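# Structure assessment
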Amino acid sequence: MLYADDPDRVAKRLARLNADWSLARSIEQTPTEPATSTGSTLPLAPETFGADVLGLERLMGRNNLTGVAFLEGGFRAARSIGRVTVAGPAGGFHGTGFMVSPSLLMTNNHVLRSPEEAGHAVVEFNFQAGLDGLPLTPVAFALEPQRFFATDRDLDFSVVAVAERSQQGTPLADFGRLPLDGAQGKAILGEFVNIVQHPNGEPKQLALRENQIIDLLDQFIHYETDTAPGSSGSPVFNDQWEVVALHHSAVPKTDGDGHLLAIDGTVWRRGMDEHRLAWKANEGVRISRVLEALSRLTLTAGPARLRDELIKPPTQGAPRPDEGVPRPDEGLPRATPAVGPESNGFPSNGSVRLVSHGAAGTTLPLRITVDVDVPTSAPPAPGHPAADASSTGTTATALPQAAQADGRATADAADRDLHAALRNLRLGAERVYYDRDADRAARDAYYAGIDGSADGDTLRRTLTELLERTHERRPSYKPARLLYPWVDLHPDRLLRSVYSGKTFTAEELIRADAATEAARLRGVQEFLLRESTAGPAEVSEELGALEASLPYNCEHVVPQSWFDHKEPMRGDLHHLFACEPECNSYRGSIPYMDFPDFDEAVKKDCGMREPGGFEPEHSRGAVARATLYFLLRYPRLVGDTADEFPQARLPVLLDWHANEAVDEYESHRNAAIAELQGNRNPLIDHPEWARHIDFSGVWP
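Residues numbered from 1 in each chain as written. Predicted model: local features only at pLDDT ≥ 70, side-chain atom pairs only at ≥ 80, totals over all residues. Heavy atoms only, no water.

With that settled, consider the sheet that holds strand β5 (residues 139-142). Across the sheet, 7 strands lie side by side as β5-β4-β1-β2-β3-β7-β6; this open sheet has antiparallel pairing. For this open sheet the edge positions go to β5 and β6 (149-152), each flanked by a neighbour on one side alone. Ignoring which end each strand starts from, the neighbouring axes of this sheet average 30 degrees apart. Where β6 and strand β7 (residues 157-161) come together, 4 bridges link them in antiparallel fashion. Each residue of the ladder has a partner; that of aspartate 152, found in β7, is phenylalanine 157. Along the sheet, helix α6 (residues 287-295) makes contact with β3 (104-107), β6 and β7, crossing β7 at roughly 60 degrees. (Pairing = 2+ DSSP bridges. Helix = DSSP H or I, 4+ residues; strand = E, 2+ residues; numbered from the N terminus. Axes fitted to C-alpha atoms, helices over the stretch in contact; angles between N-to-C directions. Contact = heavy atoms within 4.5 Å.)

Printed below as a string of structure tokens:
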């Protein structure tokens, strides 16, 4: 092997393996020729290799014996590889892809040719059998080309962003990543490579070690291994589980004139069975060439940061799959029937329960959510999909006897909430407020499959499907975490009450909500101490009363009572706005309406109110578009009672929308929410669709 490849590549390979150079130098000397000072040639002829120098093969991993750590390395690497499924009219097709950064997946261009195609694709991890032969539970993640998509037809690669969480809430970080390194020395001729793949879309499989490299070209690498359709986009590994290449196709044998050959040595012609083709090898794109192409792309803002996470070289030694991936003996989820969340005495989401002891000594388990998020680590920059977008709320837990200790725990959680929100605020100050060009590109990719000229009912239904499908991350209702630090900021980096127009700094409202949260928690503690026999209904009623008496500085333009305070509606950022409690209470749950004499009849700074309607003083266009989004996203959810938004008032929203144009503030909000949740507001992106959409189907 040392003799077969270019001496410079051999030197780099030995250096990467930290191999002992003494044997290598010894064979560079012959009885008649001393070693050169540079050691750059290997004059020993092939026929002179004998038993005395065969030990050199062990330096290259040629010996079939290898340490058992090889197996663990393969297990860790395989976690980051998934099956890519692209939806299509004929049932779609499959490929393979692998995580190359915390947010980005790599596969072939011929698997994902465009952002539109990527927008109809998912990647599934854990699509494989476990040690017992039983299938694991696959975890599917949507792809998000609106955040990042880069492709190269000649090098046959595509890189696309992946949703931070699956629809069931599993974090993408659970599956690690395969760091890429553009340095040379990862493989030479004669070595063996390993390919983890989903051949024919089947459960994950691997071609292990008996896959010899037979050609190293400028852009490609050839190796003998077994793959199949569906293997496209697989990583090609060396024995140290470093990614050497991106597998993309087989290479057929040809004659001297470039004609394809059949297995019997004759020229293969069109019309002959494809299985009669003679294949020379499989081909992968050298990963160093992929990284070079990515580094040449001109990107800004979010896409540039995501690209930089991918191409940043490792700090020391050979890269290995990301930390945090389970070891083989830690177990994996099984495809077993779901059990109740309380089956083991504790909820399956990691929260714990309030337990109330009744007068007769009975124990009453109560599931009570009081919206105390307990972050496991500091959040990333607001506006980034990882910035607490997956927060689901943690259930506070206590025994009444231990209420004092539990009070400290919940106070600590509230304090962590405050610090996380302030950190998001600081990080947001470093971000570009609104990148118009990047947002337009994201918008165009998002609606690529939508026909805006379709009839009104079809357009409504396709938009509803799109909004639900792309609503991948569903933050809980916690405005201090996401809304105030970034989403609802105006260009001057201040917050404005959606109804009165009064201005506030983000820190003012963050700290005010933190104080409100602390007061709510104290109220819960006091209630549990006072009412030790309270059941779920009583506790729920008390929590509702605390929320009503201690409101956040936030307004749901679609009142929470209309959807029973349920998620994901409650935390959907598209219809949340900063609003001081006075205006929040003044509006209450009254539906919007238009007062003809509004200018002469303003009753408060917040707007005008009568028993059957409310018109805000400010932001009528913004609240109209937010309400129309809600109607599209959650059809037939509101309007089923007389005091909710009646269909007859739809023209009010359409008029407000038409009379107040979308501005930079709303565009920023839309882009920020799209990064956090995954979905967008069509009325902001395409205001012209408002009069064309048939909204009649959104009412019960």
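Structure shown, so let's carry the discussion forward.
Looking at where alanine 642 falls in the secondary structure, it is placed in the loop between α15 (620-633) and α16 (650-659). You can call alanine 642 exposed: its relative accessible area is 83%. Each C-alpha atom of the pair alanine 642 and glycine 612 lies 9.7 Å from the other, and the pair is 30 residues apart in sequence. (Buried < 20%, exposed > 50% of the residue type's maximum accessible area, 1.4 Å probe, protein only.)

So, about the side chain of histidine 556. Tracing the sequence through the fold places histidine 556 in strand β19 (residues 554-556). There is a polar contact of 3.4 Å between the side chain of histidine 556 and the side chain of glutamine 560. For histidine 556, the residues in contact, after removing those within four places along its chain, are Tyr477, Phe563, Arg570, His575, Leu576 and Arg587. (Polar contact = N/O pair within 3.5 Å; in protein donor to acceptor, adjacent residues only side chain to side chain.)

Let us now look at empty space enclosed by the protein. If a probe as big as a water molecule is rolled over the atoms, it shows which places are left empty. Tallied over the full model, the rule gives 6 cavities of 30 Å³ or more. Of the volumes computed, that of the largest cavity is approximately 160 Å³. Surrounding the largest cavity, 13 residues form its lining, Gln184, Gly185, Lys186, Ala187 and Arg286 being those nearest its centre. Only α1 (7-16) and α6 provide two or more residues apiece to the lining of the largest cavity. Space inside the second largest cavity adds up to approximately 120 Å³. The wall of the second largest cavity is formed by 13 residues, among which Asp417, Lys478, Ala480, Asp513 and Ala514 lie closest to the centre. For the lining of the second largest cavity, the elements supplying multiple residues, two or more each, are α8 (403-428), α11 (479-487) and α12 (506-530). Taken together, the residues of the lining of the second largest cavity break down into 8 nonpolar, no polar and 5 charged. (1 Å grid on protein atoms, 1.4 Å probe; cavity = no way out; pocket = protein on both sides within 12 Å on 5 of 7 lines; lining within 4 Å. Points joined across faces, edges and corners; volume = space filled by probe spheres on them. Nonpolar A, V, L, I, M, F, W, Y, C, P; charged D, E, K, R; others polar.)

A covalent bond between the sulfur atoms of two cysteines is referred to as a disulfide. According to the stated counting rule, one finds 1 disulfide in the structure shown. The side chain of cysteine 583 participates in a disulfide bridge whose partner is cysteine 606; the two sulfur atoms lie 1.9 Å from each other. Around the S-S axis, the bridge from cysteine 583 to cysteine 606 shows a dihedral of about -85 degrees and counts as left-handed. Of this pair, cysteine 583 sits in helix α14 (residues 581-587) while cysteine 606 sits in the loop between α14 and β21 (607-610), placing them 23 residues apart in sequence. Judged by relative accessible area, cysteine 606 falls into the buried class, the value being 2%. Left unpaired, cysteine 554 is separated from the closest cysteine sulfur, that of cysteine 579, by 8.2 Å. You can call cysteine 554 buried: its relative accessible area is 2%. The cysteine cysteine 579 is free of any disulfide, with cysteine 583 supplying the nearest cysteine sulfur at 5.0 Å. Cysteine 579 sits in the buried class, given a relative accessible area of 1%. (Disulfide = S-S within 2.5 Å.)

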